[in-house]
Amino acid sequence: MKRLLLAAALLCATASTSSACGPDALGVSRTLPVGTLGGGEVGLKTYPRTLRLEPGEVVLTFDDGPAPGRTEKVLDALAAECVKATFFMIGRNAAAAPALAARVAREGHTIGYHSMTHPIMRGLAFDAGRKNIEDGFHAVDKAVYGVARDEPHSPFFRFPGFADTPQLDAWLASRDMVVFGADLWASDWEPESSDAELKLIFERLARSKGGIVLLHDIQPRTVAMLPTFLRELKKRGYRVVHFVPGPGPLETREAPPGWFSQTDRIIKGRKAAGAG
Ligand SMILES: [Zn+2]
């Protein structure tokens, strides 16, 4: 029930914000309630299924924040275009910047968790991984909402480096939490310029026809390119979908034929370079 009320509040907030936006702004084209009953996993980079988005629809997600001096600029850029996104926060970073973490939620963005200290969970014992995830729930909830209860406030989680384990997936599902991968990313952990990042992400968007995009609000190159990226999304006819917690089970669409998971490659890259 608490989550239903939260979803309703977010829907109202989105509606009222959108109505204040002019036609030139990118805006949110629709709000997508994501059912979490019984859990589940989405995101084609890791899983053979994803959210039911239409061609040209884009979901923006930002990982690893909040980061003072950077996340504010991301929030400003999103607000300037009346766009809502989802922020998968690291507990330790939220605890270090609680006012900034709270601002993210206050501005109508969806909150998700990304563990306490960003370990690669496949290298940890189950209990250690679970504790790191739970510590992340509590740290983010305390920072964002001022109180941490046993049940996390948000039903959304993303594994650091997409490195899930079957046991942790099952445990999260038992708590009615949905695990998010991504459908594409900007490779913004690589030492590329903002211009190169923009070019890459639009090439990938053209190929995938939209999807769940992974970005990092802690990356200066992403902060720098974001206003242009949002303007270009509008110009090129992409539509932003904002997902929120919804009732019932997760609804997905299956991966196209020939799908394969890139998780293992990404985990190896993460160990070397810091992806995800
Ligand atoms: Zn991460």
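Above: the structure in question.
First, a word on scope: everything that follows refers to the structure included in this document.

The rules behind these values
Numbering of residues starts from 1 in each chain and follows the order in which that chain's sequence is written. Local features are withheld for residues below a pLDDT of 70 in this predicted model, meaning they are given only at 70 or higher, and side-chain atom pairs are given and counted only at 80 or more; totals for whole chains, interfaces and linings count all residues. With hydrogens and water stripped out, all remaining heavy atoms of the structure feed into the side-chain values. Each helix is a run of DSSP H or I of at least 4 residues and each strand a run of E of at least 2, with the numbering of both proceeding from the N terminus. Nitrogen and oxygen atoms within 3.5 Å of one another constitute a polar contact, given that in protein one can donate a hydrogen and the other can accept it, and given that sequence-neighbouring residues count only through two side-chain atoms. Any two residues whose heavy atoms approach within 4.5 Å are treated as being in contact. The nonpolar core is taken to be a set of buried Ala, Val, Leu, Ile, Met, Phe, Trp, Tyr and Cys residues, with the residues joined through side-chain atoms within 4.5 Å. Whether a residue is buried, partly exposed or exposed follows from its accessible area with a 1.4 Å probe, protein chains only, as a fraction of its type maximum: under 20%, in between, or over 50%, in that order. As defined here, a cavity is a set of points on a 1 Å grid over the protein atoms alone where a 1.4 Å probe fits but cannot get out. A pocket is an open set with protein on both sides within 12 Å along at least five of seven lines, and residues line them when an atom is within 4 Å of a point. Grid points are joined across faces, edges and corners, and a volume is the space filled by probe spheres set on the points.

Once that is clear, we can look at the side chain of His-109. When you line up the elements, His-109 lands in the loop between α4 (98-106) and β6 (110-113). Here the side chain of His-109 touches Ala-85 through a polar contact of 3.0 Å, landing on its backbone nitrogen. Apart from the residues within four sequence positions on either side, His-109 is in contact with Leu-75, Leu-78, Val-83, Lys-84, Ala-85, Phe-87, Val-104 and His-242.

Turning next to the nonpolar core. Note that soluble globular proteins tend to have their nonpolar side chains buried in a common cluster. Counting residues in each nonpolar core, the largest one holds 49 residues, and the members touching the most others are Leu-60, Leu-78, Leu-205 and Phe-229. Among the elements that take part in this core, helix α8 (residues 220-235) stands out by supplying six residues, more than any other. Sequence-distant contacts of Leu-78, that is, excluding residues within four places in its chain, are made with Leu-60, Phe-62, Val-83, Ala-85, Phe-87, His-109, Leu-226 and Leu-230. Formed by 14 residues, the second largest nonpolar core is a distinct cluster that contains Val-42, Leu-53, Ile-212 and Phe-243.

Here we take up the layout of surface pockets. Any empty space left between the atoms is revealed when a probe the size of a water molecule rolls over them. There is about 550 Å³ of room inside the largest pocket. Lining the largest pocket are 22 residues, with Leu-44, Asp-183, Arg-207, Ser-208 and Pro-256 sitting closest to its centre. Elements that contribute at least two residues to the lining of the largest pocket include exactly β9 (184-185) and α7 (194-208). Ranked by residues supplied to the lining of the largest pocket, first place goes to α7 with three residues.

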